[in-house]
Amino acid sequence: MTCDSVGTLIPLYFYGELNPDEEDQVEQHIHQCAACTREMERQRALSAALDGRTADPPSHLLADCRSDLMAAIQGGAPRLPQVRKGPWTLFLEALGSTLDSVRHVPTPVGALALVALGFFCARFTGAWNQPLNLSTASLNPSDDVFATVRSVRPDQNGVVQIAFDETRRRTVSGRMDDQAIQKLVLAAAHEDNPSVRVESMDLLKSQPQSNEVRDALLNAVLHDPNDGVRLKAVEGLKPLAADPEVRKALSQVLLSDNNPAIRYQVVDLLVAHHDDSVIGVLQGSVQREDNHTVRMKLEKALKDMKASVGTF
Amino acid sequence: MAQDAAGAIGARVTGQVDSLIRAAQGGDQDAFEQLVRMYDQSVLRLAMNLLRSPEDARDVYQEAFLRVYRNLHSFRFDCSFHTWLYRIVTNICLDQLRKRKVRKEEPSVVETSEGPVDRMDSFEEDGPNADPERSMWNRELKQRIEGALQDLTPRERMVFELRHYQGLRLRNIGEMLGTTEEAAKNCLFRATQKMRAVLGDFV
């Protein structure tokens with residue numbers, strides 16, 4: 001073996017990654033060659049110098065990570081692929097919530113909205129208003145169509161009349177700055193499936209400037225039953241931490257949320273913007289906080305603000 | 001004898017991991033949690049050592065185990081769970097390292113809950129009576145090491161990290177990174193050569 005070939009094998013020899021034959025050859029060469037012995041010494045010195053460079057995680061980090069993870073999956077992100085509602089369902093729900101929120105507008109406007117809805121539905125279902133010829137209709141349900149049969153009426157001539165509601169799955173794509181996409185994502189925040197709501201919150205985070213998004217995040221952080229969704233909503237509210245309404249909601253979350261990981265994140269957001277009124281909230285929380293990590297966090301925050309940890 | 005015992009323990013652990021995976025695939029959340037706890041310390045240590053930031057390490061942890069949770073149903077036992085998990089973790093870390101390369105930045109100060117800490121402080125500190133010349137030499141060495149590691153490509157850095165600090169075999173590393181053992185060997189060789197070139201007289 002030449003010095004050049006041994007030189008390329010020295011790092012692998014050092015890490016025990018050579019096969020036994022190669023190992024023997026390297027060892028034989030090193031015993032007879034002062035230059036390669038020095039190379040081996042340099043490899044050892046490099047390794048020793050690098051050994052000192054390790055960054056152990058801070059002691060609390062593992063516990064925090066575990067708590068975040070369990071909060072995110074509590075309620076069940078999909079382990080098996082699940083059937084998701086299509087954009088049409090989302091649209092109807094979005095429309096439902098919109099109509100809900102405009103309950104106080106004059107009745108004629110509501111009626112007009114229903115006429116528009118009727119027109120819109122007719123466009124979708126027009127083709128099905130024709131009598132259905134079963135002999136030519138495909139009876140294999142498509143993966144993209146979900147139907148609920150409402151009634152089945154056979155007549156004496158052997159013809160069956162079936163009434164069903166149909167939901168058709170469509171795929172739309174676009175960026176979050178597209179209003180139509182944003183509306184669908186906002187509608188997804190009300191889906192039954194918590195993993196859809198988590199995704200929705202994650203996407204809405206990028207649009208904190210919109211009032212509708214802010215309201216959706218506030219609604220989720222205060223009322224969503226799923227810990228993962230609330231945690232995402234807290235993250236989404238980070239850029240809005242100076243907004244008085246957001247601070248009010250976060251203070252409420254700090255006092256009432258039963259998940260310590262969420263309370264921990266909320267403390268960060270509240271102390272990020274100095275505001276004297278938050279001291280009272282933190283002092284109130286520290287008294288009733290039963291989680292050690294969160295309590296330590298609250299105490300540190302109060303100490304940093306030069307406030308006492310209790311109210312007197 | 002000892003090897004037999006180690007083999008038996010290994011087989012028992014593998015059997016235990018397999019049962020936990022099957023239970024988690026069936027929807028048992030406790031089994032999933034136990035599975036996470038078997039591996040999460042080493043995942044966090046790897047992310048922390050590579051990225052030198054608790055916040056980034058926390059993001060890697062969260063993203064990696066959420067991906068595991070969402071995709072566990074597709075795990076078919078055709079490789080070890082450790083390899084499968086590390087494929088996910090190394091991909092996420094490589095993305096982070098690549099983003100940093102593009103931004104040409106690497107935090108020199110690590111944020112911790114106790115406040116900002118210089119990452120160089122993770123080295124053994126010199127005592128109060130230390131030789132000032134020696135201390136200066138140590139500081140210079142630390143800076144050179146950081147520089148040397150930054151000069152590596154994300155892939156070289158990853159192979160070096162997994163071999164030197166995590167003690168994994170190059171065959172496994174190749175499998176995790178979707179490449180051959182030979183390619184992993186070349187990566188390790190290039191990494192050590194680059195570091196020796198940068199560290200020059202120090203080693």
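So, a few notes on the structure that sits alongside this text.

## Focus: the overall build of chain A
The helix and strand tally for chain A stands at 14 helices and 2 strands. Taking all 312 residues of chain A together, the buried fraction comes to 38%. Excluding contacts between residues fewer than 6 apart, the proportion of contacts in chain A whose partners are at least 24 apart in sequence is 57%. Of the accessible surface of chain A, which amounts to about 18300 Å², a share of 54% is contributed by carbon and sulfur atoms.

## Considerations on the overall build of chain B
Along the backbone of chain B there are 8 helices and 2 strands. Within chain B, the fraction of its 203 residues that count as buried is 46%. The long-range share in chain B, meaning contacts at least 24 apart out of those at least 6 apart in sequence, stands at 65%. In the structure as shown, chain B presents an accessible area of about 10300 Å², 47% of it carried by carbon and sulfur atoms.

## Section: the interface of chain A and chain B
Accessible area lost when the parts come together is the quantity often used to give the size of an interface. The interface of chain A with chain B comprises 44 residues on the first partner and 50 residues on the second. Buried area between chain A and chain B, summed over both chains or domains, comes out near 4700 Å², and the portion from carbon and sulfur atoms is 59%. Applying the counting rule to chain A against chain B returns 7 salt bridges. For the pair chain A and chain B, the interface holds 11 residue pairs in polar contact (both at pLDDT 80 or more). Elements with a minimum of two residues in the side of chain A that touches chain B: helix H1 (3–14), helix H3 (34–51) and helix H4 (61–73) of chain A. Its residues assigned to classes, the side of chain A that touches chain B comprises 21 nonpolar, 11 polar and 12 charged.

## Let's talk about the state of the cysteines
Residue and element names in this part refer to chain A. In the structure shown here, the tally under the stated rule is 0 disulfides over all chains. Cysteine Cys3 is unpaired, with the sulfur of Cys33 as its nearest cysteine sulfur at 3.6 Å. Exposure remark for Cys3: the relative accessible area of 39% places this residue in the partly exposed category.

## What about the pattern of salt bridges?
Scanning the entire structure with this criterion turns up 31 salt bridges over all chains. The residue Glu39 of chain A makes a salt bridge to Arg196 of chain B at a minimum N-O spacing of 2.1 Å. Linking Glu39 of chain A in helix H3 with Arg196 of chain B in helix H8 (residues 181–199), this pair reaches from one chain into another. Owing to a relative accessible area of 26%, Glu39 of chain A belongs among the partly exposed residues under this scheme. Overall, the relative accessible area of 7% leaves Arg196 of chain B in the buried class. Arg190 of chain B is the salt-bridge partner of Glu156 of chain B, the closest N and O atoms lying 3.0 Å from each other. Of this pair, Glu156 of chain B sits in helix H6 (residues 154–165) while Arg190 of chain B sits in helix H8, placing them 34 residues apart in sequence. You can call Arg190 of chain B partly exposed: its relative accessible area is 39%. Each of Asp202, Lys205, Lys232 and Glu235 of chain A takes part in salt bridges that share partners, so that together they form one network.

## Considering helix H2 (residues 20–32) of chain A
One full turn of an α-helix is made of 3.6 residues, so residues set three or four places apart face in the same direction. Residue and element names in this part refer to chain A. Taking 1.5 Å per residue, 13 residues should reach 18 Å; H2 reaches 19 Å between its end C-alpha atoms and fits that length. Those residues of H2 that sit buried are Val26, His29 and Ile30. Seen from one end, H2 has its buried residues packed into an arc of 100°, which puts them on one side. In H2, the exposed positions that point more than 90 degrees away from the buried face belong to Pro20, Asp21, Gln28, His31 and Gln32.

## Examining unusual backbone geometry
Residues and elements named next belong to chain B. Residues other than glycine seldom take positive phi values, yet Arg52 does so here, at roughly 60°. Considering the arrangement of structural elements, one finds Arg52 in the loop between helix H2 (29–51) and helix H3 (54–71). The exposure class of Arg52 is buried, given its relative accessible area of 1%. The backbone phi angle of Phe77 is positive, close to 65°, even though this residue is not glycine. Mapping Phe77 onto the fold places it in the loop between H3 and helix H4 (81–103). A relative accessible area of 28% means that Phe77 is categorised as partly exposed.

Scoring rules and cut-offs
Residues numbered from 1 in each chain as written. Chains lettered and ligands numbered in written order. Predicted model: local features only at pLDDT ≥ 70, side-chain atom pairs only at ≥ 80, totals over all residues. Heavy atoms only, no water. Helix = DSSP H or I, 4+ residues; strand = E, 2+ residues; numbered from the N terminus. Buried < 20%, exposed > 50% of the residue type's maximum accessible area, 1.4 Å probe, protein only. Contact = heavy atoms within 4.5 Å. Areas by Shrake-Rupley, 256 points an atom, 1.4 Å probe, with all protein chains shown as cover. Buried area = accessible area lost by both parts, 1.4 Å probe. Salt bridge = Lys/Arg side-chain N within 4 Å of Asp/Glu carboxyl O. Polar contact = N/O pair within 3.5 Å; in protein donor to acceptor, adjacent residues only side chain to side chain. Nonpolar A, V, L, I, M, F, W, Y, C, P; charged D, E, K, R; others polar. Disulfide = S-S within 2.5 Å. Expected span 1.5 Å × (residues − 1). Arc of directions from axis to C-beta.

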